[in-house]
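Examining the three-dimensional arrangement
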Amino acid sequence: MSRQSATTTVTRAITVADGIYSPGHLGELTQHVPFELVDAILTDSRAVQRRLRDLPSRVGVYFVLALGLFPRLGYVRVWGKLVAGLHGLAVPTPSDKALRDLRRRIGSAPLKALFEVLAGPIAQPRTPGVCYRRWRTVAFDGCSSLKVPDTTRNRDHYGRACYRQAWAGYPMLMLMTLVETGTRALIGATFGAPAAGESTYALRLLQHLRSDMLVLADRAFDADAFLREVAATGAQLLVRIRTSRRPPVLAQLSDGSFLSVLAGLKVRIIDADVIVTLADGRRLQGRYRLVTTLTDHRTDPAEQLIQLYHERWEIESAYLALRHTLLTGAVLRSGDPAGIEQEMWAALTLYQVLRRAMTDAVETRPGTDPDRACFTTALQRAREQVITAHRILPDTGDGAVDLLGGIGRAVLAGLLPARRRRLSIRKVKSPISRYHTHRTDDRPPGSVTITDLHFLIHHGRPAPPAAQPRPLRSWALDRHLADTTRPTPAARRDKPAAPARVGRKQHTLALMRAQPGRSWHAREIGQLLDVPDLHSFGVQMAQWARQGLIHKIDRGIYILP
């Protein structure tokens, strides 16, 4: 018996730049960051090499971007990824020091300019989930969990983060972005030391807002100055505000919301309880107060805006993809602020380019929501094509142009199922210490499906005229009579001491029983009771909740059991 074996030789043509420029590529992502764009940005930034080297500045830009694709690899190993598919070409073999000097030579200005060119809305208005009526929904939020190396220069620039028990092991960097919620693409970004605060960084991004945008933001941006600045751009607002505010009620609307004035703006306020029923039978409730510049309740019903506000959470998914999927949760590389700045602009550019490739693929199937595109699938495919140096240019060799590409086909083949409604607790899974008390509530530790969702909208109550004193409520009248009939010190000495603050507990329960279906904030009750120390009163209400007298449904929010 004779055994025959056959060998098959597979050949593949690779189109790259000529000569020493050949390692400068990102695989298929090079089509979104073409050579001409990089050369133009280097010229404008005055970062072009003065003499032709083995490592030109254009190659340096692509090398820094590749560092973001492989965040846990060293310089030489990342360089090996770029040249792995360039068989038969004479490519340089630089050392760690040569690649480090290349980074320093080009600086951060070209990477920042490259991000600013690529940033912005990327979806068509007709793409599902991108627009609410005629407004494109966008969201502000900050991320302060990015860690930088613990060096003297980084500590001096970014400061040290302090937790409950001690200093953190690494300085933290504050990243603030403006995100298109429909695609999670970046419209603008800025970053720096966390001490400046979220609102300070958000003000730097107001230049990106347009009159066709609807801004979503959480309670961290509930400041009169910030709301005025956002409204001055012409964009519409839908922002969650604190329940401790007492805005005037100018007109009550039929859907339960009311017109008011806030920060000098004519606004509409929606005060509602969101009640969810879980698959295990539990019912949970949370209080939301939203302010919006969409004042017509007929075209923008209150329940529709409450559901729309949930789109703000898309920016949290964007940070998850950037921080944990792209950067793998690792500490950044650079030991000085200049290197950190270059590294961050490169990571933001990479993230935006991947979102562009994903959205381009999804839009080839009309009616598909961009939420179904998997960021991990696109990232893994992009890394593979960097190693093989595949599809650097879109030409397939026979004159045809493949507009979808390998990344697009992988995204469409691995579309996620339609998103289901679910609920879980927001809690640090790896705390600094296992001994301190964790803030918790009744939400499940893992994701549980929501079977029913409805809203209880509270009608606004007009405040009494300023010239008239506010009438005493029944509990306040009782308190006033108790104060006026209080026995003298001599009489009190003959009586046993009463339990501390028994009257406050009774008044609190009487106030909550007056509206049994309503959720109350501890600060709100404390203000009504004229409690001098609101923090201590909040601690006391938490103790009553542990005793079973009241039921805690959220941080500082209580209802009757």
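Please refer to the structure placed before this passage.
Remember, predicted model here, so these are calculated numbers, not experimental data.

Helix and strand content of the protein chain: 18 helices and 15 strands. Within the protein chain, the fraction of its 561 residues that count as buried is 48%. Considering only contacts in the protein chain between residues 6 or more positions apart, those separated by 24 or more positions represent 69%. Within the structure as shown, the protein chain displays about 28800 Å² of accessible surface, and the carbon and sulfur contribution to it stands at 51%.

Burial of strand 5 (residues 213-217) is extensive: five of the five residues sit out of reach of the surface. Neither face of strand 5 is open: one carries Met-213, Val-215 and Ala-217, the other Leu-214 and Leu-216, and all of them are buried. Pairing geometry for strand 2 (residues 135-147) and strand 5, over four bridges, is parallel. Within the sheet, the bridge partner assigned to Thr-137 lies in strand 5 and is Leu-214. Regarding topology, helix 8 (residues 224-232) serves as the crossover connection from strand 5 to the parallel strand 6 (residues 236-240), and that connection is right-handed.

Ordered in space as 13-15-14, the three strands form an open sheet in which the pairing is antiparallel. The outermost strands of the open sheet, each flanked by one partner alone, are strand 13 (520-521) and strand 14 (551-554). Strand direction decides the pairing type here: strand 14 and strand 15 (residues 557-559), joined by three bridges, are antiparallel. Bridge assignment links His-551 to a residue of strand 15, and that residue is Ile-559.

All told, the structure shown has eleven aromatic pairs when counted by the stated rule. Between Tyr-288 and Tyr-309, the ring centres sit 6.2 Å apart and the planes meet at 70 degrees, which makes this aromatic pair edge-to-face. Taken as a pair, Tyr-288 in strand 10 (residues 283-292) and Tyr-309 in helix 9 (residues 302-309) lie far apart in primary sequence, 21 residues in all. Classification of Tyr-288 by relative accessible area gives partly exposed; the value is 26%. Residues Tyr-351 and Phe-375 carry aromatic rings whose centres are separated by 5.5 Å and whose planes lie at 35 degrees to one another, so their mutual orientation is tilted. On the criterion of sequence distance, the pair formed by Tyr-351 in helix 11 (residues 337-362) and Phe-375 in helix 12 (residues 375-387) is long-range, its members being 24 residues apart. Tyr-351 sits in the buried class, given a relative accessible area of 1%. Above the face of the Trp-313 ring, Arg-312 is positioned so that its terminal group lies 4.8 Å from the ring centre. Geometry around Trp-520 places Arg-518 over its ring, the cationic atom sitting 3.9 Å from the centre.

Rules of the game
Residues numbered from 1 in each chain as written. Predicted model: local features only at pLDDT ≥ 70, side-chain atom pairs only at ≥ 80, totals over all residues. Heavy atoms only, no water. Helix = DSSP H or I, 4+ residues; strand = E, 2+ residues; numbered from the N terminus. Buried < 20%, exposed > 50% of the residue type's maximum accessible area, 1.4 Å probe, protein only. Contact = heavy atoms within 4.5 Å. Areas by Shrake-Rupley, 256 points an atom, 1.4 Å probe, with all protein chains shown as cover. Pairing = 2+ DSSP bridges. Right-handed = clockwise from strand over helix to strand, strands pointing away. Phe/Tyr/Trp six-rings, centres within 6.5 Å; stacked < 30°, edge-to-face > 60°. Lys NZ or Arg CZ within 6 Å of the ring centre and 35° of its normal.

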